[in-house]
Amino acid sequence: MTEEVLIGGYTRRIGKGIYRGTLSPETATITDIKPYITLDNASYLAISKQQILYTVVKEGEQGGIAAYDISGTTPVYLNAILAAGAPPAYVAVDETRQLIYAANYHKGEILVYAIQNDGHLVLANTVQHTGHGPRPEQASAHVHYTDLTPDNRLAVCDLGTDELTTYTIADNGDLTKTATYHSEPGFGARHLVFHPNHQVAYLLGELSSEVTVLNYDANTGEFTAVETYSMLPDDWHEANGGAAIRISQDGQFLYASNRGYNSIVVYRISADGQQLTTIQQMSTDGEFPRDFNLSANDQFLFAVNQNSDNGTLYHRDAQTGLLTPCQKGLETPEGVCVLFR
């Protein structure tokens, strides 16, 4: 059975916005990658159960979130909420409360939108982060991730302040700070994933190119560090930035992308979720893999390279977790987000 794959991207050079292709498991190929929705800088995507697509968008000197109904054969524009300045960097859907969360990296803001009955958005709340870290990239707060914990709190990664903050969420979108985890200075908290079977999370540090294993206490909303692991081989000493992080549905394998070393690092996860073992560094056959994602049944992994405008499809071995390239050189202009549907 085929799967649809959406690719969000920048429009600074040759990109058109959001592209759509078809994954065929039988042939292990993605075909017919074509422009789907033309809009500026669609750098992150999320889809609700109502089949409403929420995407980052830039219009002139304003940035924000746009909503499209993609339940039919042709996407239908619903509305956009824009504000002066740069657009967000991350979008997530809260189905229980019918809210959207967005992370504005440049402004250091958390944005909360209320989903209306027809999928339209209304701005419900804005929370400003402040502070800084020791590195040049950390001169101010840089919120990079806003998504739900397993117990429906909001976890927020701030690359600029080296913090992972937990918020309690009211039904109207009001946020109350519950707990704050402080990483090592210069870590640059970017993205987070949770283990499907344990109260354990994996925090990716963009600036340090590391992954920290964290225990999560659902009673208090607090994270505590267990151990930190490098994303790079010992002999790599050039520039690198950690980017995306994903976990297999069985909780046995963790995947993260390196921009600079240009690879997907594969970790085996211990039975209790507490330890990682590097088992593979797989080249993405391109430059700057900002994002990748796993197909619905974890059979495939698709990575897109932002700077070289190409994508690579891998077969994933369910038993070993290892990746094998099965299709290279797919055209993904300025691709920075991958979403299977």
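Residues numbered from 1 in each chain as written. Predicted model: local features only at pLDDT ≥ 70, side-chain atom pairs only at ≥ 80, totals over all residues. Heavy atoms only, no water.

- In the nomenclature of an unreviewed UniProt entry, the protein is known as 6-phosphogluconolactonase of Latilactobacillus sakei subsp. sakei.
- Word for word, the UniProt comment on the protein under Sequence similarities (unreviewed entry) is "Belongs to the cycloisomerase 2 family." (UniProt positions renumbered as here; feature names shortened; annotations may be inferred.)

1. Some thoughts on unusual backbone geometry
One can expect most non-glycine residues to show negative phi and most peptide bonds to be in trans.
Move 1: Although it is not a glycine, Asn41 adopts a positive phi angle of roughly 50 degrees.
Move 2: When you line up the elements, Asn41 lands in the loop between strand 3 (29–38) and strand 4 (45–47).
Move 3: In this structure Asn41 comes out as buried when scored by relative accessible area, which is 10%.
Move 4: Positioned with a positive phi, Gln98 is a non-glycine residue whose angle comes to about 55 degrees.
Move 5: Along the polypeptide, Gln98 turns up in the loop between strand 8 (90–94) and strand 9 (99–104).
Move 6: Overall, Gln98 belongs to the partly exposed group, its relative accessible area being 25%. (Helix = DSSP H or I, 4+ residues; strand = E, 2+ residues; numbered from the N terminus. Buried < 20%, exposed > 50% of the residue type's maximum accessible area, 1.4 Å probe, protein only.)

2. What about the packing of aromatic side chains?
The geometry of an aromatic ring pair is captured by the separation of the ring centres together with the interplanar angle, meaning the angle of the planes.
Move 1: For the structure shown, the criterion picks out seven aromatic pairs.
Move 2: Here the aromatic rings of Tyr68 and Tyr77 are separated by 5.4 Å at their centres, their planes lie at 65 degrees, and the arrangement is edge-to-face.
Move 3: Classification of Tyr68 as buried rests on a relative accessible area of 11%.
Move 4: Note on Tyr77: relative accessible area 46%, which makes it partly exposed. (Phe/Tyr/Trp six-rings, centres within 6.5 Å; stacked < 30°, edge-to-face > 60°.)

3. Some words on the sheet that holds strand 15 (residues 175–182)
Move 1: Taking strand neighbours across the sheet as the criterion, the four strands line up as 12-13-14-15 in an open arrangement whose pairing is antiparallel. Both outer strands of the open sheet, strand 12 (143–148) and strand 15, are each paired with one neighbouring strand and no more. Sheet twist, expressed as the average angle between the axes of neighbouring strands with direction ignored, equals 20 degrees.
Move 2: By the bridge criterion, five bridges tie strand 13 (residues 154–158) to strand 14 (residues 163–169) in an arrangement that is antiparallel. (Pairing = 2+ DSSP bridges. Axes fitted to C-alpha atoms, helices over the stretch in contact; angles between N-to-C directions.)

4. Digging into the nonpolar core
Move 1: With 60 residues, the main nonpolar core has Tyr54, Ile110, Leu164, Leu192, Leu203 and Phe223 as its most contacted residues.
Move 2: Per-element tally for this core: the top contributor is strand 10 (residues 109–115), with six residues.
Move 3: Among the nonpolar cores identified, the runner-up in size contains 16 residues, and Ile245, Leu254, Ala256 and Tyr267 belong to it. (Core = buried A, V, L, I, M, F, W, Y, C linked by side-chain atoms within 4.5 Å.)

5. With respect to the sheet that holds strand 2 (residues 17–24)
Move 1: One open sheet accounts for four strands, arranged 3-2-1-28; its pairing is antiparallel. Strands with a single pairing partner mark the edges of an open sheet, and in this sheet they are strand 3 and strand 28 (335–340). Strand-to-strand twist across the sheet, computed as the mean angle between neighbouring axes with direction ignored, equals 25 degrees.
Move 2: Alignment of strand 1 (residues 3–9) against strand 28, held across five bridges, turns out to be antiparallel. Directly across from Leu6, in strand 28, lies its bridge partner Leu339.

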